[in-house]
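So you can see what is in the structure, the chains are spelled out below.
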Amino acid sequence: MSQPHFWQRSFSWLCGGFLLLLSWAIAPTTALAAAGVDNYVIQYLKVTDTVELPLNDRGETKTFTAVDLTRGKRLFEENCKNCHVGGSTLPNPLVSLSLKDLKGATPPRDTIASLVAFQRSPMSYDGSEESYSCRRVSEDWLTTEQLETLAAFILRAADVAPGWGVESFPDSAP
């Protein structure tokens, strides 16, 4: 039996090393998928572990995991997506779920607590009257914990997701 040539052994080692590196690169994503983390959370919200989000206007924060944001995304899809596709607001297209618009509301809606308060008692954008274009969410419908994860999804998307709450998408045609 003849021994493999040097280049054959080198190629085998190179391929083996490449496959090992590839498995290390894929393993975290595979593990997150196995834990039920939505790919949108990984790719567009850029969360694979935890993220700190503003809890209230006093500067306190709350930690959310990638699994929490996946739950928030599902709650958003089940309860909000019909009127807020991609962070837009179909009943009032002038006000989106962009961070700019959330901050510009009266009172501002750019924290977990303020978004939960808004969902419990929706007000117009200027805060002058009750809003009927957004459904009031009772504790019987969604718990405070569920609303907080939904709010976390919205705030993270408003902060980092490309195209979230934009007025119009750039023309991609040449």
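Residues numbered from 1 in each chain as written. Predicted model: local features only at pLDDT ≥ 70, side-chain atom pairs only at ≥ 80, totals over all residues. Heavy atoms only, no water.

The next subject is the pattern of salt bridges. Evaluation of the coordinates by the stated rule reveals 7 salt bridges. Between Asp68 and Arg71 there is a salt bridge, with the nearest N and O atoms lying 3.2 Å from each other. Taken together, the residues span about one helical turn, with Asp68 and Arg71 both in helix α3 (residues 66–79) at a distance of 3 residues. Using a relative accessible area of 45% as the deciding quantity, one classes Arg71 as partly exposed. For Lys73, the salt bridge goes to Glu77, with nearest N and O atoms at 2.5 Å. In this pair, Lys73 and Glu77 both sit in helix α3, 4 residues apart, roughly one turn of the helix. What makes Lys73 buried here is its relative accessible area of 11%. You can call Glu77 partly exposed: its relative accessible area is 35%. Bridged by salt links that share partners, the residues Asp38, Lys73 and Glu77 form one connected network. (Salt bridge = Lys/Arg side-chain N within 4 Å of Asp/Glu carboxyl O. Helix = DSSP H or I, 4+ residues; strand = E, 2+ residues; numbered from the N terminus. Buried < 20%, exposed > 50% of the residue type's maximum accessible area, 1.4 Å probe, protein only.)

The next thing to look at is α3. Taking 1.5 Å as the rise per residue, α3 with 14 residues should run 20 Å; its terminal C-alpha atoms sit 20 Å apart, in good agreement. Every buried residue of α3 is accounted for by Ala66, Asp68, Leu69, Thr70, Gly72, Lys73, Leu75, Phe76 and Asn79. Turning to α3, the residues buried within the fold contact α2 (39–43), β1 (50–54), β2 (61–65) and α6 (144–160). (Expected span 1.5 Å × (residues − 1). Contact = heavy atoms within 4.5 Å.)

Let's shift gears to the environment of His84. Position of His84 among the secondary structure elements: in the loop between α3 and α4 (99–104). Separated by 81 residues in sequence, His84 and Gly165 place their C-alpha atoms 8.6 Å apart. Side chain to side chain, His84 and Thr89 meet in a polar contact 3.3 Å long. (Polar contact = N/O pair within 3.5 Å; in protein donor to acceptor, adjacent residues only side chain to side chain.)

Another aspect to go through is the nonpolar core. Of all hydrophobic cores here, the largest spans 31 residues; its most connected members are Leu45, Leu69, Phe76, Ile154 and Trp164. Contributing elements (two or more residues each) for this core: α2, β1, α3, α5 (112–120) and α6. The element best represented in this core is α6, accounting for 9 residues. Discounting residues that sit within four places of it in the chain, Leu69 has contacts with Val41, Leu45, Val47, Val51, Phe64, Ala152, Phe153 and Arg156. (Core = buried A, V, L, I, M, F, W, Y, C linked by side-chain atoms within 4.5 Å.)

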